[in-house]
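# Understanding the architecture of this molecule
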Amino acid sequence: MSGRRSKPGATSSACLRDCRRHPTPSRSLTDGPRVTEATPPIATADAEHPEVRVIDTRAEYLEAVQALSRGEGPFAVDAERASGFRYSQRAYLIQVFRRGSGAFLFDPPAIGDFHELAEVMADEEWILHAASQDLACLREVGLDPARIFDTELGARLAGLPRVGLATVVEELLGIHLAKAHSAADWSTRPLPQGWLVYAALDVELLPDLRDRISELLEAGGKADIARQEFAAVLDRETAVRHEPWRRLSGMHALRSPRQLAIARALWTARDQLAQELDVAPGRLVPDLSLVAAAKAQPASKRELAALKDFTGRASRRELDRWWAAVEAGLADTEPPNMRGTGDGVPAPRLWADKNPEADRRLKRARAAVTARAEQLAIPLENVLTPDTLRRVAWAPPAEVNAATIGAAIAELGARPWQIEELADLIAEAFVEARQAPTGDSAEA
């Protein structure tokens, strides 16, 4: 809990709001990438921050829930994981702030059941920064928002050139927010006080930041676009990666199906051990070590142990495990395909040879979408994902017009505002590509 022990729930961010200077808008959204010019911060956000402590008992948790229920407005929420240290992506700290209540830091493994907090928060907006990173671990403990405001996504849509939390806070609120502990091991117990102050500030500043970004979105005529994008974040399903072992760093060094088979077997063995120990896989044996072993195709356990590039704290301790994986890869009767299973859409660099007309469609449509993104002052990938454009360009509707293109990109996840902005442009680009002389690539 952020605040003095003698006053549970007391806000610790009041001094920040009293002491900071507010930036004065100096440009319109169309004047350039910088939306505001904030006055230099007069102090770091953690200066003289009250003591912060973690709530790890049911009694304190229920007291905090009551305090949050008496607050007003949206809930600012953040979660800290132990990525890079643990296998699981569970939350090891959950922070919640509400005006009039204060900031509360909860220990999820100790508390377990969060249904009382979920009920209090159910009907209000939640403010998160980069919500897609935290939703899965929040849902794992029963905290599932019905409505969000994503300050990172909102900053993108507003046209800010950099959208990290510290950067946006300094840009829009004039406060310097240190991010020294973003890659810390949050499964550590007890958590150092400096880490807890950092975690509290991540939510204490979000309501003011939300209000400022909302003003920019309204001024730019993008409020409805933002609402649609925030809803899409909530509705987006977690992608299931096929053949995740192919994401090993350095895979380009493997040149044969047999080497791929060994890499797959080693990745699977490492993943199983990491899951058993709840340790990040790379902390056992790095990706590059697995790839080095797969490339070498050692003929014996002795050869595997002698590989100087096969390193990591579990590389020798679990040598029998790794050798068994190498043997399995060497004996695999169905080694992986060099190109992978794919999704039916080749890499764009191959289109000119495989499907010249699709290549022309993609390049003309991409140029049109890029131009529209610049007009809207929204990053290209937020106007339409490259994957969506590639898929519709590779396999367009039989009859090309705004209605059919709109339906096609809607099926691929496009929101109504994207269809309204782009369906006509893409349809026109496809028609032009069909009518263009052979050899005219209309390179974007």
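Residues numbered from 1 in each chain as written. Predicted model: local features only at pLDDT ≥ 70, side-chain atom pairs only at ≥ 80, totals over all residues. Heavy atoms only, no water.

## Some points on the sheet that holds strand E1 (residues 54-55)
Within a sheet, each strand pairs with its neighbour through backbone hydrogen bonds, oriented either parallel or antiparallel. As summarised here, the arrangement of the 6 strands in space is E1-E4-E3-E2-E5-E6, forming an open sheet in which the pairing is mixed. The sheet terminates laterally at E1 and strand E6 (148-150), the two strands that pair on one side only. As judged from the 5 bridges shared by strand E3 (residues 93-99) and strand E4 (residues 102-106), these two strands associate in the antiparallel manner. Residue Arg98 lies in a different strand from E4, and its bridge partner there is Gly102. Seen against the sheet, helix H8 (residues 193-204) touches E1, strand E2 (72-80), E3 and E4 and runs at an angle of roughly 45° to E3. (Pairing = 2+ DSSP bridges. Helix = DSSP H or I, 4+ residues; strand = E, 2+ residues; numbered from the N terminus. Contact = heavy atoms within 4.5 Å. Axes fitted to C-alpha atoms, helices over the stretch in contact; angles between N-to-C directions.)

## Focus: the pattern of salt bridges
Under the counting rule described, the total for this entry stands at 26 salt bridges. Close ionic contact of Arg212 with Glu215 constitutes a salt bridge, the shortest N to O distance being 3.1 Å. Placement of the pair is Arg212 and Glu215 together in helix H9 (residues 206-219), with a separation of 3 residues, close to one helical turn. Given a relative accessible area of 12%, Arg212 falls into the buried group. Note on Glu215: relative accessible area 47%, which makes it partly exposed. (Salt bridge = Lys/Arg side-chain N within 4 Å of Asp/Glu carboxyl O. Buried < 20%, exposed > 50% of the residue type's maximum accessible area, 1.4 Å probe, protein only.)

## As for the packing of aromatic side chains
For the coordinates displayed, the defined rule picks out 8 aromatic pairs. Both rings, one in Phe149 and one in Phe230, keep their centres 4.9 Å apart while their planes meet at 55°; by these two values the pair is tilted. Of the two residues, Phe149 sits in strand E6 while Phe230 sits in helix H10 (residues 223-235), which places them 81 residues apart along the sequence. Of the two residues examined, Phe149 and Phe230, each falls in the buried class. On the basis of an interplanar angle of 25° and a centroid distance of 5.9 Å, the ring pair of Trp186 and Tyr198 is categorised as stacked. (Phe/Tyr/Trp six-rings, centres within 6.5 Å; stacked < 30°, edge-to-face > 60°.)

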